Amino acid sequence: MTKGKDAPQAITVVLQERLMSVVFTPTGSAAPQFDLRSRSLPYDRIPALVREATTTLGVRSPRAWQLTADHLSGPLTIRVTVTGPNGAASLDADGAGKVVRRSPAR
């Protein structure tokens, strides 16, 4: 298993239901990045963030959710977006998985 500087670095991670997409950093890129195998992401907090987004943001009968993690413009940010028949809502969390902003359905 590759570790440290030789480990593949990600720019963005997207989770949707049962699908995970990763955008890896091109060789030699100076783009902000993180190692998926390290504790860069708060993996233990992800189920709770999804549960909170699907139950507390006012989206009735949520049909889909998506989690996006990146730090392209500053520190690591995690956004969980939920959609349903009455619209979409989202919550943002910091790199530790602490919710810092909620945007409820309108």
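Remember, it's a predicted structure, so these values are computed and weren't measured experimentally. (Residues numbered from 1 in each chain as written. Predicted model: local features only at pLDDT ≥ 70, side-chain atom pairs only at ≥ 80, totals over all residues. Heavy atoms only, no water.)

K.L.:
Help me out: how do you make sense of the overall build of the chain in this one?
P.N.:
In terms of helices and strands, the chain carries one helix and seven strands. For the chain, the spread of C-alpha atoms along the three principal axes comes to 45 × 25 × 25 Å. Taken over 106 residues, the chain has a buried fraction of 38%. When the accessible surface of the chain is totalled, it reaches about 6,500 Å², and 54% of it is carbon and sulfur. (Helix = DSSP H or I, 4+ residues; strand = E, 2+ residues; numbered from the N terminus. Buried < 20%, exposed > 50% of the residue type's maximum accessible area, 1.4 Å probe, protein only. Areas by Shrake-Rupley, 256 points an atom, 1.4 Å probe, with all protein chains shown as cover.)

K.L.:
Help me out: how do you make sense of the environment of Ile11 in this one?
P.N.:
Among the secondary structure elements, Ile11 is positioned in strand 1 (residues 9–16). Spatially, the C-alpha atom of Ile11 lies 4.8 Å from that of Gln33, the residues being 22 residues apart in sequence. Not counting residues up to four positions away in its chain, the partners in contact with Ile11 are Val23, Phe24, Thr25, Pro26, Ala31, Pro32, Phe34, Ala69, Asp70, His71 and Leu72. (Contact = heavy atoms within 4.5 Å.)

K.L.:
Teacher, can you tell me more about the environment of Ala69 here?
P.N.:
Inspection of the secondary structure assignment puts Ala69 in strand 4 (residues 64–70). Spatially, the C-alpha atom of Ala69 lies 8.8 Å from that of Leu15, the residues being 54 residues apart in sequence. Apart from residues lying up to four places away in sequence, Ala69 is in contact with Ile11, Thr12, Val13, Phe34, Leu41, Leu76, Thr77 and Ile78.

K.L.:
Help me out: how do you make sense of unusual backbone geometry in this one?
P.N.:
Trans is the prevailing form of peptide bonds, just as negative phi is the prevailing case for residues other than glycine. Located in the positive-phi region is Glu17, a residue other than glycine, with phi close to 50°. Its place among the elements puts Glu17 in the loop between strand 1 and strand 2 (19–24). Relative accessible area serves as the criterion here: at 46%, Glu17 is assigned to the partly exposed category. With a phi close to 50°, Ser61 is a non-glycine residue in the positive phi region. Checked against the element boundaries, Ser61 lands in the loop between helix 1 (46–56) and strand 4. For Ser61, a relative accessible area of 54% translates into the label exposed.

These figures come from the coordinates and say nothing about function on their own.
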